Amino acid sequence: QVQLVESGGGLVQAGGSLRLSCAASGRTFSSYVMGWFRQAPGKEREFVAAIKRSGGSTYYADSVKGRFTISRDNAKNTVYLQMNSLKPEDTAVYYCAAERTVVPSRNPAAYDLWGQGTQVTVSS
């Protein structure tokens, strides 16, 4: 069983950058598709980005495409989300998630494992 712990959130001004990390315990990290989701107050959890097991393919929500980059290091059991050109509407709790599949899903219900979340606040 993989356990996920996010870090790297914080307060940043609009236009700034943050890098989120999600460290996974266990020896089966490379067998999981990894995703990042976010949830703002009063809103549903939404897909941000996902990456295949090998890291060869990545997927993004239209709202973050060109600004965010997901990557993974299977040797370090870690997935990252580099966030550039941040906007106030990016403010949310960001969660990493894992699912045992081949093609990543944009549906949070498809993911089996979740981290506790890390707060990202972007001021205008």
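Please refer to the structure higher up on the page.
Description of the structure in this document. Please read these numbers as outputs of a predicted model, since none were measured by experiment.

Cut-offs applied
Once a new chain begins, its residue numbering starts again from 1 and follows that chain's sequence as written. Restriction of local features to residues with pLDDT of at least 70 applies here, the model being predicted, together with a cutoff of 80 or more for giving and counting side-chain atom pairs; totals for whole chains, interfaces and linings are based on all residues. The basis for every side-chain value is the complete set of non-hydrogen atoms in the structure, without hydrogens or water. Each residue's exposure class comes from its accessible area (1.4 Å probe, protein chains only) as a fraction of the maximum for that residue type: buried when under 20%, exposed when over 50%, partly exposed otherwise. Put simply, DSSP H or I for four residues or longer makes a helix, DSSP E for two residues or longer makes a strand, and each gets a number counted from the N terminus. Should DSSP find at least two bridges between two strands, the strands are regarded as paired. To count as a disulfide, a pair of cysteine sulfur atoms needs to be within 2.5 Å. Think of a salt bridge as a Lys or Arg side-chain nitrogen and an Asp or Glu carboxyl oxygen that are within 4 Å of each other.

Across the eight residues that make up strand S9 (residues 92-99), a large majority, seven, are buried. The sheet contact formed by strand S4 (residues 33-39) and S9 spans seven bridges and is antiparallel. In the sheet register, methionine 34 faces S9, and the bridge partner there is alanine 98. Sheet analysis places S9 next to strand S11 (residues 118-123), joined by three bridges and oriented antiparallel. Bridge pairing links alanine 92 to valine 120 in S11. In this structure, S9 lies alongside strand S10 (residues 113-114), joined through two bridges in antiparallel fashion. Counted as the bridge partner of alanine 98 is leucine 113 from S10.

This model, assessed by the stated rule, comprises one disulfide. At a sulfur-sulfur separation of 1.9 Å, the disulfide partner of cysteine 22 is cysteine 96. Measuring the twist about the S-S bond at about 45 degrees, one finds the cysteine 22-cysteine 96 disulfide to be right-handed. Within this pair, whereas cysteine 22 is found in strand S3 (residues 18-24), its partner cysteine 96 is found in strand S9, the two being separated by 74 residues in sequence.

When their charged atoms lie close together, side chains carrying opposite charge are able to pair. Taken as a whole and judged by the stated rule, the model has four salt bridges. Across the pair glutamate 46 and arginine 38 runs a salt bridge whose closest N-O atoms are separated by 2.6 Å. Across the salt bridge formed by lysine 65 and aspartate 62, the nearest N and O atoms sit 3.3 Å from each other. The residues lysine 65 and aspartate 62 share a single accessibility class, namely exposed. The structure contains a network of salt bridges with shared partners spanning Arg38, Glu46, Arg67 and Asp90.

Attention now goes to unusual backbone geometry. Within the chain, asparagine 77 stands out as a residue other than glycine whose phi angle is a positive 55 degrees. The backbone of serine 85 shows a phi angle near 50 degrees, a positive value even though the residue is not glycine.

The buried fraction of strand S5 (residues 46-51) is high, at five of six residues. As judged from the five bridges shared by S4 and S5, these two strands associate in the antiparallel manner. From the neighbouring strand, arginine 38 faces S5, where its bridge partner is glutamate 46. Between the end of S4 and the start of S5, which pair antiparallel, lie six residues, with glycine 42 showing a positive phi angle near 75 degrees. Two strands pair when backbone bridges link them, and S5 and strand S6 (residues 58-60) are joined in this way by three bridges, in the antiparallel orientation. Its bridge partner lying in S6, alanine 50 is registered against tyrosine 59.

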